Amino acid sequence: VSFKTYDEHRNYWVDQVKIDRYRRALAEVLEPGATVLDLGTGTGLLGLLACEAGAGKVYSVEFGPIATVAHEVFERNGVLDRIEIVRGMSSDLTLPEQVDVVVGDQIGGFAYSAGVFKFYADAARRLLKPDGVAIPASFELAVAAVEHPAARESIETFATPVAGFDLGPIHELVKNSVRTVSLRDDSSLLSTPAIVHTQRSTDASTFRVSSRLTLTRDGTLDGLVGMFVADMSPSVSMSNIPGHPDMMDRRWQDFFPMGRSVPVRAGDHVVAEMAVNPESYLTTWAMTVEGADGRTTREQHSTFEGELLDLAKLRLLARRPVGMTALGRAAVRAVADSSDQDVDVARVASELAAAMPHLQRSEVDRMVRSLAAVLASGPPGEV
Amino acid sequence: MVSGARQSVDDLLGGGRPLRIADGVLSRRIVDETLILRLEGEVYFSLDGVGSQIWGLLGQGASLDHIVEVLADRYEVDPSRLEADVRAVLANLLQSGLIELDEESIPPT
């Protein structure tokens, strides 16, 4: 287990393009003595870069035990006097002051999938000065049609009987699941990557994109690949798009399967439509292939249909349009009793814990957080 | 405000007007129930067996009248009781923003 962890952190250190872009962005943005929030410090990379760029104070937030390593790395590099390591999740964090700059690397293949928008939006609401700056400042999201035999095989394994057994239910799940692919060059792409959306990194609102892609070669359409250009600071960019001049060494992207791969020809069009909730990572995607002969093929998927759901737990959270469960009533009553905006989370938690003595406290807390997140955006329609 | 909302829900359900599942609403059949989730939301809604049949019919653009007709064929129940039950489910789905009136399917008068 340890070696795997060290390997993961090694990956953050060996990407020289990424380090260079963070270093240049911090140099461009930081005023001398600025305060910085380093979200997810790991072994200390961004905290060190912030100090190097002249930060006066860095709050380095880390949930895992790797924080101990960061402490030693900061000490070894003579910056510990400017760093305060905070153990925990940034979403649970309070700071003695608002900071000038927030910096982090929770960037997934299609940007949102590692949490950047969600964590930054929360930080911007509570921890960043109103005129503070986020690095990256915004993301341009790109999609392309892709041919990927290995990804195809991982799905089609379950499309036909295996050892004589029908594994259709597994097939349904995998074709609705996003996976990571590693495209080192653009040879797998069936279309030119198209920028379909731009969003500030501190904005976690749901977005929808649509793009009509023109295929540039014959092949098999296996799905869409989601990529990004991170606008780090006014003059610095970083990307995972194959062939992009600012392409990182860390070459992985998010793959959204077609589900049923189809042969395509150069000149065919693929209409790609996606909807993404960066808070929950809930994603829907649809591909409509328009062939030269006028025939169209459409496939539509969502991560909701690909999620491995624990029905027993979901029942505790589900709202039944007719007849709410006793548990739901207890939770919603506690919330409804509190004032409009300030949900009494402690009270909800104690009601839930009393209603579900078999659950671990951490599970109760997680449910309450989820419930509170919903209620923060407005009271439920019917209680 | 409550009575106003009630009024509009009754209006929406009246006269065999076609309904549809709202944009950004996802559903999934799992074992014996239907789980429903709004793209923007984190609260799961759940429908049991008969509720799942209603949801299936809504996916085809059914109206209250049509749903009652189909279920009356499947189950031996008092039609007025059935209509009241279906109406309550639909009103709840409407108020939760999970379904809406399918304006495009309404024939011009």
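Quick caveat: nothing in here was measured; it's all calculated off a predicted structure.

Asker: Give me the lowdown on the overall build of chain B, citing residues and values where you can.
Answerer: Along chain B, the regular secondary structure elements total 4 helices and 5 strands. For chain B, the N- to C-terminal ordering of α and β elements is α-β-β-β-β-α-α-α-β. Going through the 109 residues of chain B one by one, you find that 43% of them count as buried. Residue pairs in contact within chain B that sit at least 24 positions apart in sequence constitute 53% of those at least 6 positions apart. For chain B, the computed accessible surface area is about 5700 Å², with 50% contributed by carbon and sulfur atoms.

Asker: How would you explain the packing of aromatic side chains if you had to name every residue and give the values?
Answerer: Residues and elements named next belong to chain A. Within this structure, the stated rule accounts for 6 aromatic pairs over all chains. Aromatic pair Phe 256 and Trp 285: ring centres 5.3 Å apart, planes at 65°, arrangement edge-to-face. Of this pair, Phe 256 sits in strand E12 (residues 253-264) while Trp 285 sits in strand E14 (residues 282-290); the two residues are 29 residues apart in sequence, bridging distant segments of the chain. In this pair, the class of Phe 256 matches that of Trp 285, namely buried. Here a set of aromatic residues connected by ring pairs shows up, and it is made of Phe 110, Tyr 112, Phe 207, Phe 256 and Trp 285.

Asker: Mind laying out the side chain of Ser63(B), listing which residues take part and the relevant values?
Answerer: Along the chain, Ser63(B) falls in the loop between helix H2 (49-59) and helix H3 (64-74). For Ser63(B), the residues in contact, after removing those within four places along its chain, are Gly16(B), Arg17(B) and Pro18(B).

Asker: Which residues make up a nonpolar patch on the surface, and what values go with them?
Answerer: Residue and element names in this part refer to chain B. A contiguous nonpolar patch, built from Val 50, Tyr 75 and Val 77 and spanning about 220 Å² of accessible area, is present on the exposed surface. One can find Val 77 in the loop between H3 and helix H4 (79-95). When its relative accessible area of 40% is taken as the criterion, Val 77 is described as partly exposed.

What counts as what
- Residues numbered from 1 in each chain as written.
- Chains lettered and ligands numbered in written order.
- Predicted model: local features only at pLDDT ≥ 70, side-chain atom pairs only at ≥ 80, totals over all residues.
- Heavy atoms only, no water.
- Helix = DSSP H or I, 4+ residues; strand = E, 2+ residues; numbered from the N terminus.
- Buried < 20%, exposed > 50% of the residue type's maximum accessible area, 1.4 Å probe, protein only.
- Contact = heavy atoms within 4.5 Å.
- Areas by Shrake-Rupley, 256 points an atom, 1.4 Å probe, with all protein chains shown as cover.
- Phe/Tyr/Trp six-rings, centres within 6.5 Å; stacked < 30°, edge-to-face > 60°.
- Patch = residues over 30% accessible without salt bridge, like charges linked within 9 Å, V, L, I, M, F, W, Y side chains within 5 Å.
- Salt bridge = Lys/Arg side-chain N within 4 Å of Asp/Glu carboxyl O.

By themselves, these figures tell us nothing about what the structure is for.
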